[in-house]
Amino acid sequence: MKRMSWFNVTSLTLGFAFLYLPMVVLVIYSFNSSKLVTVWAGFSTKWYGELFQNEAFLDAAWVTIKVAVVSSTFATVLGTMAAYVLVRGGRFMGRTLFSGMIYAPLVMPEVITGLSLLLLFIGIGLDRGVLTIVLAHTTFSMCYVSVVVSSRLVSFDRSLEEAALDLGSTPWEAFRLVTLPIIAPAVISGWLLAFTLSLDDLVIASFTSGPSATTLPIKIFSAVRLGVSPEINALSTIMILIVTVGVVTASLVSKQSAIRAQKDARAAERAD
Amino acid sequence: MRRTALIAVPYLWLMVLFLAPFLIVLKISLSDAALAIPPYTPTFKDGIGALIRELDFENFVFLTEDDLYWKAYLSSFRIAFISTVLTLLVGYPIAYGMAKAPDEWRATLMMLVILPFWTSFLIRVYAWMGILSNEGLLNQLLLWLGLTSEPLVILNTTTAVYIGIVYTYLPFMILPIYAALDRLDASLDEAAQDLGCTRMQAFWLVTIPLSKNGIVAGSFLVFIPALGEFVIPSLLGGSGTLMIGKVLWEEFFNNRDWPVASAVAVILLLLLIIPIVLFQRNQQKQQEAEQ
């Protein structure tokens, strides 16, 4: 085993302290009973209680989740199709434009994406609300999905697909029975990425939402502009908790399946 | 037939919801503001003839005349550049430490770097508001240690914006550098030391040049989004912090001047093209080198 030098230990410790301390502070102060966020006045869970009675926050949370589920599902379907076209599509008219449109949204400042979509929706007379946010989120997150999925498709052994086709399956069957199970982890992580991006988005949602639909980030942003509030700390704590549980579970599951795959490979070797 | 449909669906989606909006922004940036709904003229209803006759570069001329916009572009560039350098200085030692860590820790360290990325951006920026304010935790600590006699004003200054950008974009810097350092053959470093380099020299002459690709990739991944950043300057910065993303937002939502907001967007995009093209070239070179 390698010994780590004091320099590396120090830089890792300081680095991770920098990454995590602000969030730890946020979580601790969500249990502060004082309304003044910076003065500690004893342990209390009252801000959580108030949060769950705040109709406006609950409504916004519900809208956000609906938008995230629908848009990330659409984005996954469209993004997987786009990845397939990019990696397996061969030559077709306007291929350069297509790949440009896939990569451009990744580097586009959110203010520009938001502004341009809003101007489109107004131009075609579409009322702003849940639908327009879903359209906007689907568009930018499908590009992230297609990047994730196409990186998996590139490293994929094409002869497996060809074998299925030779053995008499239709292209759709070959995709469903051979390709999809193999690229599934990438498709799932693409969906999760799209879901988080949608959940998290403030700027594009602010441009494309109307008075009838407010998402949680918009609500949080207008609240924190006025300063720090313990209710927002409580809300943040809940969101951090959900993400942490999700990410840790996902990494444990993938670790487990990697171990299983290794075992299978070893068993196969022995069988030879 | 199936293939055509497979190509057409995502293609049309992006044409309608990505390319078309873009052309609309370009068109409106050439229009005049008007007291109407929508608040610009000419509209598409006026016909092609009117569109061609009435479009002009007035808004762009206006942007060059009012020095607010110049200053905002320049200061966005400066802020993005300085924060990128700071992120590199903070991120490199962390990536280096990760690459030198024992194998069984690596997966955990990797997860710890990625975890904040999944946590809401808005919340991570907000977390600093409570720390940096005048009565905030940092000032309480400094006062208690006796390092200052009165609270430092950090929140609502450009310093706070630097801290915010470094904090939120740190994972984007760490991951590509870590990937480059991880591939590095440790024996090269040993060879340099055997041949008489000090550890410092070996680091500067061997490790840094060999991790150049990671440094460049990470720097672009921080610089490009930082240039158009809106959330960080509006929550942590004050009225003295000019950033173009914030100017665009205010032009649109507060002044309701759509043509000027569109012109600001067009110029921001033109400025971004250079770093984006450089970034793509770097990525391509890297891919070719790997093959």
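Residues numbered from 1 in each chain as written. Chains lettered and ligands numbered in written order. Predicted model: local features only at pLDDT ≥ 70, side-chain atom pairs only at ≥ 80, totals over all residues.

## Side note on the overall build of chain A
Check the secondary structure of chain A and you find eleven helices and zero strands. Shown N-terminal to C-terminal, the secondary structure of chain A runs as helices and strands in the order α-α-α-α-α-α-α-α-α-α-α. Its C-alpha atoms give chain A a radius of gyration of 23 Å, more than 25% over the compact-globule value 19 Å for 272 residues. With the principal axes as the frame, chain A shows a C-alpha extent of 70 × 65 × 35 Å. For chain A, buried positions account for 39% of its 272 residues. Here the analysis covers contacts within chain A between residues at least 6 apart in sequence; of these, 77% occur between residues at least 24 apart. (Helix = DSSP H or I, 4+ residues; strand = E, 2+ residues; numbered from the N terminus. Rg over C-alpha atoms; globule rule 2.2 N^0.38 Å. Buried ≥ 20, exposed ≤ 12 C-beta atoms within 10 Å, placed from the backbone. Contact = placed C-beta atoms within 7 Å.)

## A short note on the overall build of chain B
Per the secondary structure count, chain B includes 14 helices and two strands. Computed over its C-alpha atoms, the radius of gyration of chain B comes to 24 Å, more than 25% above the 19 Å expected for a compact globule of 291 residues. In terms of principal-axis extent, the alpha carbons of chain B reach across some 75 × 70 × 35 Å. For chain B, the proportion of its 291 residues judged to be buried stands at 42%. Of the contacts formed within chain B by residues at least 6 apart in sequence, a portion of 73% connects residues at least 24 apart.

## Observations regarding helix H4 (residues 67-100) of chain B
In a regular helix each residue adds 1.5 Å, so 34 residues correspond to 50 Å; H4 of chain B covers 49 Å between its end C-alpha atoms and thus fits that length. The largest bend along H4 of chain B measures about 30 degrees and falls at glycine 91 of chain B, with the proline proline 93 of chain B one to four residues further on. (Expected span 1.5 Å × (residues − 1). Bend = angle between axes of the 7 residues up to and from the residue.)

## Digging into the confidence of the model for chain B
Mean pLDDT over chain B works out to 87, with 93% of the residues at or above the 70 mark. Reported for the predicted complex are a pTM of 0.89 and an ipTM of 0.87. (pLDDT = per-residue confidence, 0-100.)

## What about the nonpolar core?
With 146 residues, the main nonpolar core has Leu115 of chain A together with Trp128, Leu248 and Val264 of chain B as its most contacted residues. Per-element accounting of this core gives the leading share, 16 residues, to helix H8 (residues 158-183) of chain B. (Core = buried A, V, L, I, M, F, W, Y, C linked by C-beta atoms within 7 Å.)

## Quick look at the packing of helix H3 (residues 55-88) of chain A against helix H6 (residues 130-154) of chain A
Residues and elements named next belong to chain A. For the pair H3 and H6, the least separation of the axes is 5 Å and the interaxial angle reads 40 degrees. By the angle between their directions, the pair H3 and H6 is classed as oblique. Between H3 and H6 lies a crossing whose hand is right-handed. Split into classes, the residues belonging to the contact of H3 with H6 amount to 20 nonpolar, ten polar and one charged. (Axes fitted to C-alpha atoms, helices over the stretch in contact; angles between N-to-C directions. Parallel < 35°, antiparallel > 145°, perpendicular 65-115°, else oblique. Left-handed = near helix turned anticlockwise from the far one by under 90°. Nonpolar A, V, L, I, M, F, W, Y, C, P; charged D, E, K, R; others polar.)

## Describing the interface of chain B and chain A
Contacts between the two partners involve 61 residues from chain B and, on the opposite side, 58 residues from chain A. For the side of chain B that touches chain A, the elements supplying multiple residues, two or more each, are helix H1 (2-29), H4, helix H5 (103-118), helix H6 (121-132), helix H12 (231-235), helix H13 (244-253) and helix H14 (258-290) of chain B. Examining the composition of the side of chain B that touches chain A, we find that 17 residues originate from one element, H1 of chain B, more than from any other. The class makeup of the residues in the side of chain B that touches chain A is 51 nonpolar, seven polar and three charged.

## Focus: the environment of arginine 183 of chain B
All names here are of chain B. Mapped onto the elements, arginine 183 comes out in helix H8. By C-beta crowding, arginine 183 is classed as partly exposed, having 13 other C-beta atoms within 10 Å. Each C-alpha atom, one on arginine 183 and one on serine 211, is 9.1 Å from the other, the two residues being 28 residues apart in sequence.

## Points about the packing of helix H3 (residues 58-65) of chain B against H14 of chain B
All names here are of chain B. H14 packs onto H3 with a crossing angle of 75 degrees between their chain directions and a minimal axis gap of 9 Å. Considered as vectors, H3 and H14 are oriented roughly perpendicular to each other. For the pair formed by H3 and H14, the contact residues are Asn59, Phe60, Phe62 and Leu63 on the first element and Pro259, Val260, Ala263, Val264 and Ile267 on the second. Split into classes, the residues belonging to the contact of H3 with H14 amount to eight nonpolar, one polar and no charged.

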